[in-house]
Amino acid sequence: MIKVTVWNEFVHEREYEGIKRIYPNGIHGCIADFLQKNEDITVRCATLDMPNQGISDEILADTDVLIWWAHARHEDISDENVRLIQNHVLSGMGFIGLHSAHFSKVMKALLGTSMTLHWRHGDREKLWCTAPYHPIAAGVEPCIEIPEEEMYGEFFDIPKPDDVVFTGWFGGGEVFRSGCTFTRGMGKIFYFQPGHEEYPIYYMPQIQRIITNAVRWAKPESRLDKFPECSAD
(Lines give C-alpha, C1' and ligand atoms only; values in the text may rest on other atoms or scores of the structure.)
Protein backbone atom coordinates (compact mmCIF):
# COMPACT_ATOMS: atom_id res chain seq x y z
CA MET A 1 0.00 0.00 0.00
CA ILE A 2 1.31 3.44 -0.97
CA LYS A 3 0.82 6.01 1.79
CA VAL A 4 0.19 9.50 0.39
CA THR A 5 -0.05 12.79 2.27
CA VAL A 6 -1.71 15.61 0.31
CA TRP A 7 -0.64 18.98 1.73
CA ASN A 8 -2.47 22.16 0.73
CA GLU A 9 -2.41 25.71 2.05
CA PHE A 10 -6.24 25.69 1.94
CA VAL A 11 -6.31 29.49 1.72
CA HIS A 12 -7.84 30.39 -1.66
CA GLU A 13 -10.77 28.00 -1.21
CA ARG A 14 -11.73 29.86 1.97
CA GLU A 15 -11.12 33.42 0.78
CA TYR A 16 -12.74 33.34 -2.69
CA GLU A 17 -16.28 32.12 -3.33
CA GLY A 18 -15.55 31.26 -6.98
CA ILE A 19 -12.71 28.96 -5.97
CA LYS A 20 -14.74 27.47 -3.12
CA ARG A 21 -17.46 26.55 -5.63
CA ILE A 22 -14.91 24.67 -7.74
CA TYR A 23 -13.20 22.97 -4.78
CA PRO A 24 -15.73 22.93 -1.91
CA ASN A 25 -13.61 20.46 0.05
CA GLY A 26 -10.35 22.12 -0.91
CA ILE A 27 -7.90 21.20 -3.64
CA HIS A 28 -6.48 18.60 -1.26
CA GLY A 29 -9.94 17.06 -0.88
CA CYS A 30 -10.37 16.75 -4.64
CA ILE A 31 -6.95 15.11 -5.05
CA ALA A 32 -7.56 12.78 -2.11
CA ASP A 33 -10.94 11.75 -3.54
CA PHE A 34 -9.57 10.45 -6.83
CA LEU A 35 -6.41 8.95 -5.37
CA GLN A 36 -8.20 6.89 -2.75
CA LYS A 37 -10.31 5.20 -5.43
CA ASN A 38 -7.19 3.14 -6.12
CA GLU A 39 -6.87 -0.01 -4.02
CA ASP A 40 -3.09 0.38 -3.69
CA ILE A 41 -3.19 3.95 -2.32
CA THR A 42 -4.19 5.36 1.07
CA VAL A 43 -4.44 9.11 1.60
CA ARG A 44 -4.28 11.58 4.47
CA CYS A 45 -4.63 15.34 4.08
CA ALA A 46 -2.76 18.14 5.83
CA THR A 47 -3.22 21.90 5.68
CA LEU A 48 -1.38 25.00 6.79
CA ASP A 49 -3.80 25.76 9.64
CA MET A 50 -3.19 22.43 11.38
CA PRO A 51 -0.84 22.14 14.38
CA ASN A 52 2.77 22.60 13.26
CA GLN A 53 1.45 23.43 9.77
CA GLY A 54 0.30 19.83 9.30
CA ILE A 55 3.88 18.56 9.23
CA SER A 56 5.76 16.34 11.67
CA ASP A 57 8.53 13.79 11.67
CA GLU A 58 6.00 11.08 12.52
CA ILE A 59 3.69 11.99 9.61
CA LEU A 60 6.55 12.15 7.11
CA ALA A 61 8.02 8.87 8.34
CA ASP A 62 4.61 7.33 7.60
CA THR A 63 4.38 8.96 4.13
CA ASP A 64 5.64 7.32 0.96
CA VAL A 65 4.75 10.27 -1.29
CA LEU A 66 4.09 13.87 -0.25
CA ILE A 67 1.97 15.97 -2.64
CA TRP A 68 2.36 19.74 -2.17
CA TRP A 69 0.03 22.50 -3.41
CA ALA A 70 0.91 26.04 -2.34
CA HIS A 71 0.61 29.57 -3.68
CA ALA A 72 -0.16 32.49 -1.37
CA ARG A 73 1.68 31.51 1.81
CA HIS A 74 5.03 30.12 0.73
CA GLU A 75 6.97 32.19 3.25
CA ASP A 76 4.82 31.04 6.18
CA ILE A 77 6.32 27.55 6.10
CA SER A 78 8.90 27.29 8.84
CA ASP A 79 12.53 26.63 8.00
CA GLU A 80 12.41 23.66 10.37
CA ASN A 81 9.58 22.08 8.39
CA VAL A 82 11.43 22.72 5.12
CA ARG A 83 14.48 20.98 6.57
CA LEU A 84 12.38 18.08 7.80
CA ILE A 85 10.74 17.52 4.40
CA GLN A 86 14.08 17.85 2.61
CA ASN A 87 15.65 15.26 4.88
CA HIS A 88 12.83 12.78 4.30
CA VAL A 89 13.08 13.21 0.53
CA LEU A 90 16.82 12.58 0.70
CA SER A 91 16.08 9.43 2.65
CA GLY A 92 13.62 8.14 0.03
CA MET A 93 10.22 9.80 0.40
CA GLY A 94 8.69 10.81 -2.96
CA PHE A 95 7.64 14.42 -3.54
CA ILE A 96 5.16 15.84 -6.06
CA GLY A 97 4.98 19.62 -6.41
CA LEU A 98 1.84 20.91 -8.13
CA HIS A 99 1.39 24.16 -10.07
CA SER A 100 2.53 27.18 -8.01
CA ALA A 101 4.37 24.91 -5.57
CA HIS A 102 7.33 25.50 -7.92
CA PHE A 103 8.03 28.65 -5.89
CA SER A 104 7.67 27.02 -2.48
CA LYS A 105 10.51 27.04 0.01
CA VAL A 106 10.47 23.24 -0.12
CA MET A 107 11.09 23.01 -3.88
CA LYS A 108 13.72 25.74 -3.78
CA ALA A 109 15.54 23.80 -1.05
CA LEU A 110 15.27 20.51 -2.92
CA LEU A 111 16.35 21.80 -6.33
CA GLY A 112 18.64 24.67 -5.34
CA THR A 113 17.55 27.29 -7.90
CA SER A 114 15.29 30.36 -7.89
CA MET A 115 12.42 28.43 -9.57
CA THR A 116 11.30 31.65 -11.30
CA LEU A 117 9.31 31.68 -14.54
CA HIS A 118 7.09 33.89 -16.71
CA TRP A 119 3.34 33.83 -16.11
CA ARG A 120 0.04 35.50 -16.84
CA HIS A 121 -3.61 34.77 -16.10
CA GLY A 122 -6.06 33.28 -18.52
CA ASP A 123 -4.91 31.18 -21.45
CA ARG A 124 -5.49 27.77 -23.00
CA GLU A 125 -2.92 25.00 -22.92
CA LYS A 126 -2.05 21.99 -25.02
CA LEU A 127 -0.15 19.60 -22.76
CA TRP A 128 2.07 17.43 -24.96
CA CYS A 129 3.51 14.14 -23.74
CA THR A 130 7.19 14.38 -24.67
CA ALA A 131 8.38 11.20 -22.93
CA PRO A 132 5.71 8.57 -23.65
CA TYR A 133 8.05 5.82 -22.44
CA HIS A 134 8.05 7.21 -18.87
CA PRO A 135 5.89 5.44 -16.23
CA ILE A 136 4.18 8.75 -15.39
CA ALA A 137 2.91 8.88 -18.99
CA ALA A 138 1.34 5.39 -18.94
CA GLY A 139 -2.13 5.52 -20.49
CA VAL A 140 -1.91 9.27 -21.11
CA GLU A 141 -3.03 10.78 -24.40
CA PRO A 142 -0.37 12.33 -26.67
CA CYS A 143 -1.95 15.77 -26.17
CA ILE A 144 -4.32 16.96 -23.45
CA GLU A 145 -6.41 20.06 -24.20
CA ILE A 146 -6.83 22.33 -21.17
CA PRO A 147 -9.36 25.02 -22.13
CA GLU A 148 -8.47 27.45 -19.34
CA GLU A 149 -5.20 27.63 -17.43
CA GLU A 150 -2.73 30.12 -16.03
CA MET A 151 0.17 30.52 -18.45
CA TYR A 152 3.57 29.44 -17.19
CA GLY A 153 6.36 30.12 -19.68
CA GLU A 154 10.10 29.82 -20.15
CA PHE A 155 12.63 30.66 -18.97
CA PHE A 156 11.95 28.33 -16.02
CA ASP A 157 14.93 28.43 -13.66
CA ILE A 158 15.28 24.78 -12.71
CA PRO A 159 18.25 22.40 -12.74
CA LYS A 160 18.41 20.01 -15.66
CA PRO A 161 15.56 17.50 -15.20
CA ASP A 162 16.08 13.74 -15.36
CA ASP A 163 13.13 13.68 -17.80
CA VAL A 164 10.74 16.24 -19.27
CA VAL A 165 7.63 14.10 -19.43
CA PHE A 166 5.22 16.86 -20.49
CA THR A 167 5.66 20.12 -22.37
CA GLY A 168 2.98 22.78 -22.38
CA TRP A 169 2.12 25.02 -25.31
CA PHE A 170 -0.08 28.03 -24.62
CA GLY A 171 -2.39 30.04 -26.83
CA GLY A 172 -0.06 33.04 -26.65
CA GLY A 173 2.76 30.97 -28.14
CA GLU A 174 4.74 30.28 -24.99
CA VAL A 175 6.12 26.84 -24.15
CA PHE A 176 6.94 25.39 -20.74
CA ARG A 177 8.52 22.28 -19.25
CA SER A 178 5.27 21.31 -17.57
CA GLY A 179 6.12 17.89 -16.15
CA CYS A 180 9.68 17.28 -14.96
CA THR A 181 11.33 14.59 -12.85
CA PHE A 182 14.35 14.91 -10.58
CA THR A 183 16.25 12.71 -8.14
CA ARG A 184 17.65 14.02 -4.88
CA GLY A 185 19.39 11.56 -2.60
CA MET A 186 17.16 8.48 -2.57
CA GLY A 187 13.99 10.47 -3.29
CA LYS A 188 12.11 10.92 -6.57
CA ILE A 189 10.57 14.33 -7.35
CA PHE A 190 7.94 15.24 -9.93
CA TYR A 191 6.92 18.81 -10.70
CA PHE A 192 3.62 19.19 -12.61
CA GLN A 193 2.44 22.59 -13.83
CA PRO A 194 -1.34 22.29 -14.56
CA GLY A 195 -3.62 23.12 -11.65
CA HIS A 196 -4.45 26.83 -11.27
CA GLU A 197 -6.97 27.16 -8.47
CA GLU A 198 -9.55 29.13 -10.53
CA TYR A 199 -10.12 26.27 -12.98
CA PRO A 200 -11.42 22.70 -12.38
CA ILE A 201 -8.27 21.07 -13.75
CA TYR A 202 -7.91 18.42 -11.03
CA TYR A 203 -11.28 16.97 -12.07
CA MET A 204 -9.95 16.14 -15.57
CA PRO A 205 -9.51 12.34 -15.90
CA GLN A 206 -6.21 12.59 -17.77
CA ILE A 207 -4.76 14.97 -15.15
CA GLN A 208 -5.90 12.56 -12.44
CA ARG A 209 -4.20 9.70 -14.28
CA ILE A 210 -0.92 11.63 -14.46
CA ILE A 211 -0.93 12.40 -10.74
CA THR A 212 -1.87 8.81 -9.87
CA ASN A 213 0.93 7.51 -12.12
CA ALA A 214 3.34 9.94 -10.46
CA VAL A 215 2.43 8.63 -7.02
CA ARG A 216 3.21 5.06 -8.08
CA TRP A 217 6.45 6.18 -9.75
CA ALA A 218 7.64 8.29 -6.80
CA LYS A 219 7.04 5.74 -4.07
CA PRO A 220 10.32 4.67 -2.46
CA GLU A 221 11.97 1.44 -3.51
CA SER A 222 13.88 1.59 -0.24
CA ARG A 223 14.21 4.11 2.53
CA LEU A 224 16.84 4.98 5.10
CA ASP A 225 15.82 4.36 8.69
CA LYS A 226 17.85 7.36 9.75
CA PHE A 227 17.79 10.23 7.31
CA PRO A 228 20.76 12.62 6.94
CA GLU A 229 20.75 15.96 8.67
CA CYS A 230 20.73 19.05 6.47
CA SER A 231 19.84 22.69 6.95
CA ALA A 232 17.30 24.74 5.01
CA ASP A 233 19.89 27.43 4.28
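Below is a summary of the structure that appears in this document. (Residues numbered from 1 in each chain as written. Predicted model: local features only at pLDDT ≥ 70, side-chain atom pairs only at ≥ 80, totals over all residues. Heavy atoms only, no water.)

Counted by the stated rule, this structure contains 11 salt bridges. Measuring nitrogen to oxygen at the nearest pair gives 2.5 Å for the salt bridge that ties glutamate 174 to arginine 120. Taken together, the positions of glutamate 174 in the loop between β7 (163-170) and β8 (175-184) and arginine 120 in strand β5 (residues 118-129) put the pair 54 residues apart, joining distant regions of the chain. Looking at glutamate 174, the relative accessible area reads 23%, which means it is partly exposed. One salt-bridge network, in which partners are shared between bridges, spans Lys3, Arg44 and Asp62. (Salt bridge = Lys/Arg side-chain N within 4 Å of Asp/Glu carboxyl O. Helix = DSSP H or I, 4+ residues; strand = E, 2+ residues; numbered from the N terminus. Buried < 20%, exposed > 50% of the residue type's maximum accessible area, 1.4 Å probe, protein only.)

Tracing the backbone through its elements, the reader meets proline 142 in the loop between β5 and β6 (143-153). Judged by relative accessible area, which is 61%, proline 142 ranks as exposed. Distance in space between the C-alpha atoms of proline 142 and proline 132 is 7.8 Å, their sequence separation being 10 residues. With near-sequence residues (within four places) excluded, proline 142 lies in contact with Leu127, Trp128 and Cys129. (Contact = heavy atoms within 4.5 Å.)

This part covers the pairing of strand β1 (residues 2-8). Along β1, six of the seven residues are buried, which leaves the element largely enclosed by surrounding structure. In this sheet, strand β2 (residues 41-47) lies alongside β1 in parallel orientation, the contact comprising seven bridges. Among the inter-strand pairings, asparagine 8 is bridged to a residue of β2, identified as threonine 47. Looking at chain direction, β1 and strand β3 (residues 65-69) are connected through five bridges and run parallel. In the strand pairing of β3, threonine 5 is matched with leucine 66. (Pairing = 2+ DSSP bridges.)

Among the nonpolar cores identified, the biggest contains 38 residues, and Ile67, Phe166 and Tyr202 are the most heavily contacted of them. The leading source of residues in this core is helix α7 (residues 205-218), at seven residues. Ile77, Leu84, Ala101 and Phe170 belong to the second-largest nonpolar core, a separate cluster that totals 32 residues. (Core = buried A, V, L, I, M, F, W, Y, C linked by side-chain atoms within 4.5 Å.)

It is worth spelling out the pairing of β7 at this point. Alignment of β5 against β7, held across five bridges, turns out to be antiparallel. Its bridge partner being in β7, tryptophan 128 is matched across the sheet by threonine 167. Of the strand pairs in this sheet, β7 and β8 are connected by six bridges, and their pairing is antiparallel. Along β8, the bridge assignment pairs aspartate 163 with threonine 181. Here β7 folds back onto β8 in antiparallel fashion, the turn holding four residues, of which glycine 173 has a positive phi close to 105°.

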